[in-house]
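Survey of secondary and tertiary structure
Listed below are the residues making up each chain.
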Amino acid sequence: QVQLVESGGGLVQAGGSLRLSCVASGRTLNRLQLGWFRQAPGKEREFVATIGWNTYYADSVLGRFTISRDVALNTVYLQMNNVRPEDTAVYFCAGVAQANRGFLAPSNYDYWGQGTRVTVSS
């Protein structure tokens, strides 16, 4: 069983930066695809970025957000730069242990963290 714990959310002004962290336990990062999703009030959960066997970004964050991982710490990060009010959401870390599944939909992932809230003020 894999457990994921996010941290790093908070309030940030538009144009500012924030770094989210996701610590995984139960399996090493070398055997996981980890992704970040977000969900704004009244909206569906949407893909942000993923890293592991493949690395992808949503078009809406490409060039502003960077996903990275520290295998020694079993931690994945989401560096958020030049944030916008529309980035306001609860951000979730998600994991899957198979390499032959898609990585862009919430249904592709088996493990989820509890979420961390990001609020961007204008």
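Preceding this paragraph is the structure being described.
These notes cover the structure that comes with them. Residue numbering note: each chain is counted from 1, following its sequence as written. Totals for whole chains, interfaces and linings use every residue, but because this is a predicted model, local features are given only for residues with pLDDT of at least 70 and side-chain atom pairs only at 80 or more, for both listing and counting. Hydrogen atoms and water are omitted, and side-chain values are computed over all heavy atoms in the structure.

1. Concerning the sheet that holds strand β1 (residues 3–7)
Read across the sheet, four strands follow the order β1-β3-β8-β7 without closing on themselves; strand pairing throughout is antiparallel. At either margin of the open sheet sits one strand with a lone partner, and together these are β1 and β7 (65–70). Sheet twist, expressed as the average angle between the axes of neighbouring strands with direction ignored, equals 15°. Note on pairing: DSSP must find at least two bridges between two strands before they are called paired. Counting from the N terminus, the helices are DSSP H or I runs at least four residues long and the strands are E runs at least two residues long. Helix axes use the C-alpha atoms of the stretch in contact, all axes being lines fitted to C-alpha atoms, and the angles between their N-to-C directions lie in the range 0 to 180 degrees.

2. Focus: the environment of T119
Secondary-structure assignment places T119 in strand β11 (residues 116–121). Any residue under 20% of the maximum accessible area for its type is buried, any over 50% is exposed, and the rest in between are partly exposed; the area is computed with a 1.4 Å probe on protein chains only. Residue class for T119 comes out partly exposed when judged on its relative accessible area of 30%. Taking the C-alpha atoms as reference, T119 lies 9.4 Å from R84; in sequence the two are 35 residues apart. In this analysis, two residues are considered to be in contact whenever any of their non-hydrogen atoms come within 4.5 Å of each other. If we skip the residues at most four places from it in the chain, T119 touches G10, L11, V12 and T88.

3. Things to note about the packing of aromatic side chains
Each Phe, Tyr or Trp ring (for Trp, its six-membered ring) is paired with any other whose centre lies within 6.5 Å, and the angle between the two planes then decides the class: stacked below 30 degrees, edge-to-face above 60, tilted in between. Summed over all chains, the structure comprises five aromatic pairs. The interplanar angle of 55° and the centroid separation of 5.3 Å between the aromatic rings of F37 and W112 together place this pair among those described as tilted. Here F37 is found in strand β4 (residues 33–39), whereas its partner W112 is found in strand β10 (residues 111–112), with 75 residues between them in sequence. Ring centres of F92 and W112 lie 6.4 Å apart, and the angle between their planes is 75°; this geometry places the pair in the edge-to-face category. Here W112 lies in strand β10 and F92 lies in strand β9 (residues 89–96), a separation of 20 residues in the sequence. Note on F92: relative accessible area 10%, which makes it buried. W112 gets classed as partly exposed once you look at its relative accessible area, which sits at 27%. Of the aromatic side chains, those joined through ring pairs into one cluster are F37, F47, F92, Y109 and W112. In this scheme, Lys NZ or Arg CZ marks a charge over a ring once it lies within 6 Å of the ring centre and within 35 degrees of the ring normal. Above the plane of the ring of F92 lies R45, whose end atom (NZ or CZ) is 3.8 Å from the centre. Positioned above the aromatic ring of W112, the side-chain terminus of R45 is 4.9 Å from the ring centre.

4. Remarks on the nonpolar core
Put simply, buried Ala, Val, Leu, Ile, Met, Phe, Trp, Tyr and Cys residues joined by side-chain atoms within 4.5 Å make one nonpolar core. Counting 36 residues, the largest nonpolar core has W36, L78 and Y91 as the members making the most contacts within it. Contributions of two or more residues to this core are made by β3 (18–25), β4, β5 (46–51), β7, β8 (75–80), β9 and β11. No other element matches the five residues that β9 contributes to this core. Apart from the residues within four sequence positions on either side, Y91 is in contact with E6, L20, W36, F37, R38, V48, F65, L78, M80, G115, T116 and V118.

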